[in-house]
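The primary structure of each chain is shown beneath.
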Amino acid sequence: MSDNLLGIPETRLAVDPAAEKIESGVDPVQVAATYPSSSLAWAVLAEDALADGDRDVEAYAYARTGYHRALDSLRKSGWRGQGPVPWSHEPNRGFLRALAALARAARAIGESDEEARCTQFLRDSSAEAAREVGL
């Protein structure tokens with residue numbers, strides 16, 4: 001049985017050229033500067049800042065940037081504010097990772113409403129993504 005009870009078509013983002021750079025080990029700061037519309041680059045920066053443990057505000061800013069860049073991409077791909085954004089489609093992972101990082105960073109700075117909203121949005125967009133990232 002599908003989780004998509006409304007029958008809204010899946011949104012599948014275009015390939016993010018930054019993904020190849022990230023995967024090949026290019027510094028995410030350089031990747032974000034070269035590809036500022038890449039939600040993946042901003043998500044990686046947010047994840048790295050969260051992993052450092054003392055850069056939570058920075059992580060929040062990176063994650064929020066990635067989230068907003070992803071919303072732009074989603075809208076350009078026909079997304080209308082709801083419906084599945086599958087984790088299985090790799091180009092969607094930048095959005096999903098940015099959203100997860102935003103939930104975590106919001107928790108870290110005490111923004112519990114934002115954390116709850118982002119966590120629910122992630123689960124509504126892709127239950128698989130929520131499981132993969134542990135939210």
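Quick note: structure is the one above.
Calculation notes
Per-chain numbering applies: the sequence of each chain, read as written, is numbered from 1 onward. In keeping with the predicted nature of the model, local features appear solely for residues at pLDDT of at least 70, side-chain atom pairs appear and are counted solely at 80 or more, and the whole-chain, interface and lining totals rest on all residues. The side-chain quantities take in all heavy atoms of the structure and omit both hydrogens and water. Throughout this description, the term salt bridge denotes a Lys or Arg side-chain nitrogen within 4 Å of a carboxyl oxygen of Asp or Glu. Each residue gets one of three labels from its accessible area relative to the maximum for its type: buried under 20%, exposed over 50%, partly exposed in between, using a 1.4 Å probe on protein chains only. Geometry of aromatic contacts follows a simple scheme: Phe, Tyr and Trp rings, the Trp one being its six-membered ring, pair when their centres are within 6.5 Å, and the pair is stacked under 30 degrees between planes, edge-to-face over 60, tilted otherwise. Segments assigned H or I by DSSP are reported as helices when at least four residues long, segments assigned E as strands when at least two residues long, and all are numbered from the N terminus. Interaxial angles span 0 to 180 degrees and are taken between N-to-C directions of axes, which are lines fitted to C-alpha atoms, for helices over the stretch in contact. For this classification, under 35 degrees means roughly parallel, over 145 means roughly antiparallel, 65 to 115 means roughly perpendicular, and everything else is oblique. Less than a right angle of anticlockwise turn of the near helix away from the far helix marks a crossing as left-handed, whereas a clockwise turn marks it as right-handed. Note on definitions: a residue-residue contact is assigned when non-hydrogen atoms from the two residues lie within 4.5 Å. For this scheme, ten residues count as nonpolar: Ala, Val, Leu, Ile, Met, Phe, Trp, Tyr, Cys and Pro. Four count as charged, namely Asp, Glu, Lys and Arg, and the remainder, Gly too, count as polar. In these notes, a set of buried Ala, Val, Leu, Ile, Met, Phe, Trp, Tyr and Cys residues joined through side-chain atoms within 4.5 Å is what counts as a nonpolar core.

Engineer: Explain the pattern of salt bridges to me, please; I cannot follow it from the model alone.
Structural biologist: Between side chains of opposite charge, a pair can form as their charged atoms come close. Applying the stated rule across the entire model yields eight salt bridges. Close ionic contact of Glu-10 with Arg-12 constitutes a salt bridge, the shortest N to O distance being 2.8 Å. Note on Glu-10: relative accessible area 42%, which makes it partly exposed. Residue classification places Arg-12 among the partly exposed positions, given a relative accessible area of 45%. In this structure, Arg-55 engages Asp-52 in a salt bridge whose closest nitrogen and oxygen atoms are separated by 2.1 Å. Exposure remark for Arg-55: the relative accessible area of 25% places this residue in the partly exposed category. Through salt bridges with shared partners, a single network forms among Asp-52, Arg-55 and Glu-58.

Engineer: Just to check I follow, could you spell out the packing of aromatic side chains for this structure?
Structural biologist: Here the distance between the centres and the angle between the planes together describe a pair of aromatic rings. On inspection of all chains with the given rule, the structure shows four aromatic pairs. Ring plane angle 65° and centroid distance 5.7 Å describe the contact between Phe-95 and Phe-121, whose orientation is recorded as edge-to-face. Of this pair, Phe-95 sits in helix α5 (residues 93-108) while Phe-121 is found in helix α6 (residues 112-125), placing the two residues 26 residues apart along the sequence. Owing to a relative accessible area of 17%, Phe-121 belongs among the buried residues under this scheme.

Engineer: Help me understand the packing of helix α3 (residues 39-52) against α5 in this model?
Structural biologist: Each packed pair of helices is defined by two parameters, the angle between the axes and the distance between the axes. Closest axis-to-axis distance for the α3/α5 pair is 8 Å, and the angle between their directions is 30°. By the criterion of interaxial angle, the relationship of α3 to α5 is roughly parallel. Once α3 is placed against α5, the crossing between them reads as left-handed. Residue-level contacts link Ser-39, Leu-40, Ala-43, Val-44, Ala-46, Glu-47 and Leu-50 of α3 to Gly-94, Phe-95, Arg-97, Ala-98, Ala-101, Arg-104 and Ala-105 of α5. Taken together, the residues that form the contact of α3 with α5 break down as nine nonpolar, two polar and three charged.

Engineer: How should the environment of Pro-17 be read in this particular structure?
Structural biologist: Turning to its location among the elements, Pro-17 is positioned in helix α1 (residues 17-23). In this structure Pro-17 comes out as partly exposed when scored by relative accessible area, which is 45%. It is 33 Å that separates the C-alpha atoms of Pro-17 and Asp-113, two residues lying 96 residues apart in sequence.

Engineer: Sorry if this is basic, but what is going on with the packing of helix α4 (residues 56-76) against α6 here?
Structural biologist: Where α4 contacts α6, the two axes come as close as 14 Å, and the packing angle between them is 40°. Taken as axis vectors, α4 and α6 run oblique relative to one another. Read as a crossing pair, α4 and α6 show a hand that is left-handed. Here α4 contributes Tyr-60, Arg-64, Tyr-67 and Leu-71 to the contact with α6, which in turn contributes Glu-114, Arg-117 and Phe-121. Looking at side-chain class alone, the contact of α4 with α6 contains four nonpolar, no polar and three charged residues.

Engineer: Would you take a moment to explain the nonpolar core for this structure?
Structural biologist: The tendency in soluble globular proteins is for nonpolar side chains to be buried side by side. The biggest cluster of nonpolar side chains holds 40 residues, and the ones touching the most others in it are Tyr-67, Leu-74, Phe-95, Leu-99, Phe-121 and Leu-122. Among the secondary structure elements, those contributing two or more residues to this core are α1, α2 (28-34), α3, α4, α5, α6 and α7 (127-133). The element contributing the most residues to this core is α5, with nine residues. The residues touching Leu-74, leaving out its near neighbours within four places in the chain, are Thr-11, Leu-13, Trp-79, Val-85 and Phe-95.

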